[in-house]
Amino acid sequence: MPPESSTTSAEGNAPAPRSTVWRDLACVAALTVLAAALGAFFDFGERVYQWTRSVERFQLDELPATLFVLASGLAWFAWRRYGESQRELRRGRALEQEAERLLADNRRLASQGIDAQESERRHLARELHDELGQYLNSISLDAARIRDLSAEREPEIHRVSLALIQSAHHVYREIGGMIRRLRPIGLDEFGLPTALEHCVDGWRERLPGASFALTVEGDFSALTDTQNITLYRLVQEGLTNVSKFARHARVEIYLVRTSADPGEIVVTMADDGPGTDLTKPRAGLGLIGMRERVEALGGEFHIASKPQGGFLFCARVPVQARLPVPGAPNDPAGLAKSEK
Ligand SMILES: Nc1ncnc2c1ncn2[C@@H]1O[C@H](COP(=O)(O)OP(=O)(O)OP(=O)(O)O)[C@@H](O)[C@H]1O
Ligand SMILES: [Mg+2]
């Protein structure tokens, strides 16, 4: 399967090394000396004069001076073009640097946007839990009290109280689901591997037709908040896609931290479902969001698939991400301080 790469590498036009310039100049000097020596040895000027004496009327003896002017002119012309190409090269390098700077700015902004989104989600989850959750609980308790008081005395009120309890439980469950989607369970308290296991377990229950295998290798204890949530959201979106497009697939998820220090984290998810044709335009924002999240952390994101050939994505995230501007309000876990 041809991987679809997210990375582009700009190869700069390296100028010729100095040694080549001196070698070329030495060639020119050597050829000139050789031509002078051969000319002196064979009396070249006299011979030319003898050959051209019969056609003196054409002024061929003026040719050397003319050729000398032509050669000097060509040297001047080449020198000017060389200067121009050097200026072009410098301009190209400056543009390249500007593009790199803009790209870095873009990544930083994307990262800050994601941080802001996550902190807003966390806030919403807290509000939902603390405000709505508490009131729903009270409603549920009050309804239970009405149910108990009305039992065998007010059948109609009893029936309404039962319906009320059921509705409160339903809303409570829905809100619980929303809270879990907004802020993954256990991510803050127990870390990424446990949160992912919990997430995969949820999908095991919801998708009995599929099978899931999660492999975690390495130490994930010292990741920043942004890295944790990014890696979690990748798996979350990947599993949501499995539930939509590959409900009966075998899904393998690998979360690996490379042994080098500080190294990188590689998340791979592969399924053997129906796959898709990547050459055709795709609807949806999930994969785009995944790519943006990974690139905002200075990582790479690849997908591979073909019809009836399963689907795979692989994200590589450097552990020491070059992220926020030092001193910026969104500098999770003091990342900027650890920047090299
Ligand atoms: N596991 C998969 N198996 C087969 N096709 C997939 C899989 N994951 C994604 N795709 C294909 O890639 C497309 C893009 O996925 P993406 O997650 O970006 O969008 P979506 O899931 O359709 O919508 P959204 O994520 O915005 O709700 C999908 O429409 C689907 O065709
Ligand atoms: Mg999706």
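First, a word on what this report is: a plain description of the structure on this page. (Residues numbered from 1 in each chain as written. Chains lettered and ligands numbered in written order. Predicted model: local features only at pLDDT ≥ 70, side-chain atom pairs only at ≥ 80, totals over all residues. Heavy atoms only, no water.)

Focus: the packing of aromatic side chains
- In this structure the tally under the stated criterion is three aromatic pairs.
- It is R206 that lies over the ring of W203; its NZ or CZ is 4.4 Å from the centre. (Phe/Tyr/Trp six-rings, centres within 6.5 Å; stacked < 30°, edge-to-face > 60°. Lys NZ or Arg CZ within 6 Å of the ring centre and 35° of its normal.)

Side note on the pattern of salt bridges
- Summed over all chains, the structure comprises 19 salt bridges.
- R108 is the salt-bridge partner of D105, the closest N and O atoms lying 2.5 Å from each other. Taken as a pair, D105 and R108 lie in helix 3 (residues 63-150) at a separation of three residues, close to a single helical turn.
- Assessed through its relative accessible area of 24%, D105 is described here as partly exposed.
- In this structure R108 comes out as partly exposed when scored by relative accessible area, which is 23%.
- Of the charged contacts in the structure, one is a salt bridge between R121 and E118, with a shortest N-O distance of 3.5 Å. (Salt bridge = Lys/Arg side-chain N within 4 Å of Asp/Glu carboxyl O. Helix = DSSP H or I, 4+ residues; strand = E, 2+ residues; numbered from the N terminus. Buried < 20%, exposed > 50% of the residue type's maximum accessible area, 1.4 Å probe, protein only.)

Things to note about the site of ligand 1
- In the region of ligand 1, 14 residues are neighbours, and N241, K244, D271, L285 and L287 sit closest.
- At 3.0 Å, a side-chain N or O of E237 approaches an oxygen atom of ligand 1.
- The contact in question runs from an oxygen atom of ligand 1 to an N or O atom on the side chain of N241, over 2.9 Å.
- Protein contacts shield 80% of the accessible area of ligand 1, which totals 600 Å² for the unbound molecule.
- Those elements that provide at least two residues to the shell around ligand 1 are helix 7 (225-245) and helix 8 (286-296).
- With four residues, helix 7 is the largest single contributor of residues to the shell around ligand 1.
- Its residues assigned to classes, the shell around ligand 1 comprises five nonpolar, five polar and four charged. (Near = heavy atom within 4 Å. Polar contact = N/O pair within 3.5 Å; in protein donor to acceptor, adjacent residues only side chain to side chain. Areas by Shrake-Rupley, 256 points an atom, 1.4 Å probe, with all protein chains shown as cover. Nonpolar A, V, L, I, M, F, W, Y, C, P; charged D, E, K, R; others polar.)

Notes on the sheet that holds strand 5 (residues 311-318)
- One open sheet accounts for five strands, arranged 1-2-3-5-4; its pairing is mixed. Two strands lie at the open edges of the sheet, namely strand 1 (211-217) and strand 4 (300-305), each paired on one side alone. Ignoring which end each strand starts from, the neighbouring axes of this sheet average 10° apart.
- Sheet analysis places strand 1 next to strand 2 (residues 250-257), joined by seven bridges and oriented parallel. Among the inter-strand pairings, E217 is bridged to a residue of strand 2, identified as V256.
- Taken strand by strand, helix 6 (residues 192-206) contacts strand 1 and strand 2, and its axis lies near 175° from that of strand 1.
- Against the sheet, helix 7 contacts strand 1, strand 2, strand 3 (264-271) and strand 5, and its axis sits at roughly 5° relative to strand 3. (Pairing = 2+ DSSP bridges. Axes fitted to C-alpha atoms, helices over the stretch in contact; angles between N-to-C directions. Contact = heavy atoms within 4.5 Å.)

Some points on the coordination of the magnesium ion (ligand 2)
- Within the protein, E237 (OE) and N241 (OD1) serve as the donor atoms for the magnesium ion (ligand 2), at 2.0 to 2.1 Å. A residue pair is termed a helical-turn pair when its members lie 3 or 4 positions apart in one helix, as E237 and N241 do in helix 7 at four residues. (Donors = N, O, S within 2.8 Å, 3.2 Å for Na, K, Ca; no water.)

What about the packing of helix 6 against helix 7?
- Direction vectors running N to C along helix 6 and helix 7 enclose 15°, while the axes themselves pass 10 Å from each other. As far as their axial angle goes, helix 7 and helix 6 are roughly parallel. Where helix 6 crosses over helix 7, the two elements pack in a sense that is right-handed. In contact with L192, A195, L196, C199, V200 and W203 of helix 6, helix 7 contributes N228, L231, Y232, V235, L239, T240 and S243.
- Residue classes in the contact of helix 6 with helix 7 are distributed as ten nonpolar, three polar and no charged. (Parallel < 35°, antiparallel > 145°, perpendicular 65-115°, else oblique. Left-handed = near helix turned anticlockwise from the far one by under 90°.)

Describing the packing of helix 3 against helix 7
- Running from amino to carboxyl end, helix 3 crosses helix 7 at an angle of 80°, the nearest separation of the two axes being 11 Å. Between helix 3 and helix 7, the angle falls in the class roughly perpendicular. Together, D115, E118, R121 and R122 of helix 3 and D225, T226, I229 and R233 of helix 7 make up the contact between the two elements.
- Class assignment of the residues belonging to the contact of helix 3 with helix 7 gives a composition of one nonpolar, one polar and six charged.

Looking at a positive patch on the surface
- Together, R80, R87, R90 and R93 line one region of the surface with positive charge.
- Residue placement: R80 occurs in helix 3. (Patch = residues over 30% accessible without salt bridge, like charges linked within 9 Å, V, L, I, M, F, W, Y side chains within 5 Å. Lys, Arg positive; Asp, Glu negative; His and termini not counted. Charge placed at Lys NZ, Arg CZ, Asp CG, Glu CD.)

Quick look at a nonpolar patch on the surface
- On the surface, F58, L60, L63, L67, L70 and L74 cluster together into a nonpolar patch covering about 580 Å² of accessible area.
- With respect to the element layout, F58 can be found in the loop between helix 2 (44-52) and helix 3.
- Of the residues examined, F58 reaches a relative accessible area of 54% and is grouped as exposed.

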